[in-house]
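Understanding the architecture of this molecule
What follows is each chain in one-letter form.
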Amino acid sequence: RAQPNKVWGGLGCCSIRVWPRPTSAMASPASSLAIGVLVLALAAHGFTCPPANYPGMAAAVPLAGGRVFLPIFKHDAPDGAAPTIAVITLHGAGRNGDNYHGWVTNALRKQDMEGEIVTISPIFPDKNCSAADWTGDPEAVGRAARWTHSTRQWVNGATSDGFDDWDGISSFEAVDDLITWVEMTYRTIRKIVVTGFSAGAQMGLRWVITSPNGARGVTLSGTLLTIILGSPSSFIYLNDRRPAKSCSLIKDQVVDHNCTTFLVPGSSHKAVKTCKGHYNLYGFGLEGLERGAAKPHTTRADVSDYIHKYLHDDALIEDTLRARFGTKNVIFEFGDLDVKDCLSGVCADDCGAMDEGTSRLQRGLNYMDHLRDALPGYEPQYEIFEGGHRPELFFAGERFNKVVFDKTGWEECLWDSLTCWSLIMQSICGAVAFVCGGTGTGIFCCWKRSRDEVHLHLKYQKELQAAILKVEDGFAGMGKEEDIDRSSSCGTRGPCCAFGGKR
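Attention here is on the structure that accompanies the text. No experiment lies behind these values; they were computed from the predicted model shown.

Re the packing of aromatic side chains
Counting across every chain of the model gives 24 aromatic pairs. Judged by centre distance (5.3 Å) and plane angle (80°), the rings of Phe-124 and Trp-147 are edge-to-face. Taken together, the residues span a long stretch of sequence, with Phe-124 in the loop between β4 (117-122) and α3 (131-135) and Trp-147 in the loop between α3 and α4 (151-155) at a distance of 23 residues. Of the two residues, Phe-124 and Trp-147, neither departs from the other in class, the shared state being buried. On the numbers, 5.8 Å between centres and 65° between planes, the contact of Phe-172 with Tyr-306 is edge-to-face. Taken together, the residues span a long stretch of sequence, with Phe-172 in helix α5 (residues 171-185) and Tyr-306 in helix α7 (residues 299-307) at a distance of 134 residues. Taken as a pair, Phe-172 and Tyr-306 share a single burial class, namely buried. Put simply, the rings of Tyr-100, Trp-103, Phe-197, Phe-394, Phe-395, Phe-400 and Phe-405 touch in pairs and so form one group of aromatic residues.

Take a look at the structure:
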C-alpha cells in the first residue's frame, strides 16, 4: 500500500509493504505468478493483531509498570547459546514491524550468526490489541499502548493514547524501557544496536538526541550502545543555523556534495526561510522544550516532560543535549540514488524540512556538515550505499553488516528489480509462460503430428514397394497387409494440422 505522508516532523515518502525476498529455491513460473499476486494482496494492511506474520516470534514487553505492553517480534538464539549482541529495529511509517523483523532476521541468517545475536522489532500500534491476541497465550492479560493520532505521534516522541486516569507513555520512554528489558532478559548481552530506516531513522535520531541512553557510547546500565540510521526524511538540528541556499540546489545531488556555509535563517539573502519564526522549534530544532513553553498534550510538551525526568535546568537543555550527542556512537547511511525532489511528495516538504535540503541524500550530507559546524572537532560517521530509498539495500549494506555482524554485506536482489531473478521477474516470466504456453504447446503438437504422419506415409510406401517386388519375383501372395499404427501421441489430427502429409 502506498501511504502518502505529509506530516509535521517530516516523514515523507511512502511505505510500500512487501515481505522479505524468500531465500528458498527458485519458484516455478506458475507459483511465481501466484506469489506476485499474493504479495499485492497482502500489501494492504499495517499493524495487525493477532500478528499476520511471525506469530511464533510475537512477545509483549511491559511498559509503565505493567499498565500497558509494547508488542514486539523477537528472534532468540538457539537453546544453550549465549548471545552477546541484541539488535533493536525501529520500523517505518507503515508500522510494518514484521517486514523489518524479516529483513534483519534474514541478514542474521545470511551471516550465520543466529547463536550470537538476538533481534527485537518493536511496533508502535494504532489499533487495539490484547496480550492474549498478540502472544497467542489465552492466559496473557494486558493491552497494548497505542499511538493512533498520526505517525508523527510516535516518531517525534509524543505520548501514547491515555485511558482512565493514565496519560500515556512517550514512545522515547518506551524505547528506553525496551533497552532495560533486553538487558534484564538476556544477561549475556554485551552490546545493543538500535537501528532504523526512513521514519524509523527519524524516530531513532530524535530519540538518541533526547534520551539519557547512549552517552559515552553506553546505556544507562553500562552496556555498549550503537545507533545506526538509514535515510531519514528530515533531521533535528542542534543549533539555530541552517545550510545556506547554495547548499540546497536542486541540481546538486551527488555523493561528494558538501556544505561549508551555515546561516541563521532570514539573516541575509543567502539564508533560507524562517518558516514564520518556527524553523527551530522541536521537530527540526531544539527550541520550545523548556518546561511550560508548549501547550499541554502537544508533542513538544510531551517531549519536554520526557526530558525533564533527567534534566532540570531549562537554561542548559540545548547545551546538554548537544554535548551528550557528541559522545554517542551514532552512524548514518544514505542511498546514492535517494535524490528525488521532496516537493514531489517522496519526502517531507514542510518549510523546516525544506530548509535542510531538497532530497534525502542532500539533506543527509548537509546534516553531516552541520554536525561539524555545531560540534567543533566532531567527525560524523556515515557511509553511502548503492541504491535508492530501499530498506533491503540498507540492511544488505557494508556498514550495517560491519557494525552488527563484523562481516561484509552482500548484493541484494530487490523483489521488484528487472536486473536480477527477482520476484517480479519470476512473476513476469510466469505470466508469459501462462499466456504463451498453450500456443507454444499447440504449435509443437501440430508440428509433431505432421512429422509423424510423414514418417508413417514413408513407411507405408516402403512396405507397399516391398510387397509389389515379392509379387513380381513370383512369390506366393503377399498375404494380409499388416496393420499400420497411424496414431499420434498428440491425439487425432485437428484442423490446425491439415498441412500434414497425405496418404
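The rest of the description comes next.
Examining the pattern of salt bridges
Between side chains of opposite charge, a pair can form as their charged atoms come close. Enumeration according to the criterion identifies 14 salt bridges in this entry. Residue Arg-390 pairs with Asp-416 through a salt bridge whose shortest N-O separation is 3.0 Å. Of this pair, Arg-390 sits in the loop between β10 (381-385) and α11 (391-396) while Asp-416 sits in the loop between α12 (398-405) and α13 (423-472), and the two are 26 residues apart along the sequence. Among the residues examined, Asp-416 registers a relative accessible area of 28% and is labelled partly exposed. Taken together, the salt bridges that share partners define one network made up of Arg-95, Asp-126 and Lys-127.

Describing the environment of Phe-124
Note on Phe-124: relative accessible area 0%, which makes it buried. In this structure the C-alpha to C-alpha distance between Phe-124 and Ala-144, which are 20 residues apart in sequence, comes to 8.9 Å. In this structure Phe-124 touches Leu-70, Leu-90, His-91, Arg-95, Trp-147, Trp-154, Ser-171, Ala-174, Val-175 and Met-203, once residues within four positions along its chain are discounted.

A look at the state of the cysteines
Note: disulfide means a covalent bond formed between the sulfur atoms of two cysteine side chains. This model, assessed by the stated rule, comprises 5 disulfides. The disulfide that involves Cys-247 links it to Cys-259, with 2.1 Å between the sulfurs. In this structure the cystine formed by Cys-247 and Cys-259 twists about its S-S bond by roughly 80°; its chirality is therefore right-handed. Placement of Cys-247 in the loop between β7 (242-243) and β8 (262-263) and of Cys-259 in the loop between β7 and β8 is noted, with a sequence separation of 12 residues between them. Across a sulfur-sulfur distance of 1.9 Å, Cys-413 and Cys-420 are joined as a disulfide pair. Across the disulfide from Cys-413 to Cys-420, rotation about the S-S bond amounts to roughly 90°, and the bridge is consequently right-handed. With a relative accessible area of 24%, Cys-420 lands in the partly exposed category.

Re the sheet that holds strand β1 (residues 58-63)
If you walk across this open sheet you meet the 8 strands as β1-β2-β4-β3-β5-β6-β9-β10, and the pairing is mixed. Two strands bound the open sheet, and with one partner strand each, they are β1 and β10. Neighbour to neighbour, the strand axes of the sheet diverge by 25° on average, direction disregarded. Here 4 bridges tie strand β3 (residues 85-90) to β4, and the two strands are oriented parallel to one another. Bridge pairing in β4 places Ile-88 opposite Ile-120. In the packing of helix α10 (residues 360-374) onto the sheet, the strands contacted are β9 (329-335) and β10, and the crossing angle to β9 comes to about 150°.

Side note on helix α6 (residues 199-210)
With 12 residues, α6 should reach 16 Å at 1.5 Å per residue; the first-to-last C-alpha distance of 17 Å fits that figure. Three or more residues of α6 are buried, namely Ala-199, Gly-200, Ala-201, Gln-202, Met-203, Gly-204, Leu-205, Arg-206, Trp-207, Val-208, Ile-209 and Thr-210.

What to know about the environment of Ala-81
Mapped onto the fold, Ala-81 is located in the loop between β2 (68-75) and β3. For Ala-81, a relative accessible area of 33% translates into the label partly exposed.

Quick notes on the pairing of strand β5 (residues 191-197)
Within β5, 6 of the 7 residues are buried, which leaves it mostly tucked inside the rest of the structure. In terms of strand pairing, β3 meets β5 through 6 bridges, oriented parallel. Looking at the pairing, Ile-88 lines up with Val-194 of β5. In the classification by handedness, the crossover that spans β5, the intervening α6 and the parallel strand β6 (residues 224-230) is right-handed.

Some details on a nonpolar patch on the surface
Residues Leu-418, Ile-428 and Val-432 make up a contiguous nonpolar surface patch of roughly 280 Å² in combined accessible area. Position of Ile-428 among the secondary structure elements: in helix α13.

A few points about unusual backbone geometry
Geometrically, the link from Cys-49 to Pro-50 is a cis peptide bond, its omega value of 5° lying close to zero. You can see Pro-50 is positioned in the loop between α1 (29-42) and β1. Phi at Asp-164 takes a positive value of approximately 50°, unusual for a residue other than glycine. Here Asp-164 lies in the loop between α4 and α5.

Rules of the game
Residues numbered from 1 in each chain as written. Predicted model: local features only at pLDDT ≥ 70, side-chain atom pairs only at ≥ 80, totals over all residues. Heavy atoms only, no water. Phe/Tyr/Trp six-rings, centres within 6.5 Å; stacked < 30°, edge-to-face > 60°. Helix = DSSP H or I, 4+ residues; strand = E, 2+ residues; numbered from the N terminus. Buried < 20%, exposed > 50% of the residue type's maximum accessible area, 1.4 Å probe, protein only. Salt bridge = Lys/Arg side-chain N within 4 Å of Asp/Glu carboxyl O. Contact = heavy atoms within 4.5 Å. Disulfide = S-S within 2.5 Å. Pairing = 2+ DSSP bridges. Axes fitted to C-alpha atoms, helices over the stretch in contact; angles between N-to-C directions. Expected span 1.5 Å × (residues − 1). Right-handed = clockwise from strand over helix to strand, strands pointing away. Patch = residues over 30% accessible without salt bridge, like charges linked within 9 Å, V, L, I, M, F, W, Y side chains within 5 Å. Areas by Shrake-Rupley, 256 points an atom, 1.4 Å probe, with all protein chains shown as cover.

In short, the description is geometric, and any link to function would need to be established separately.
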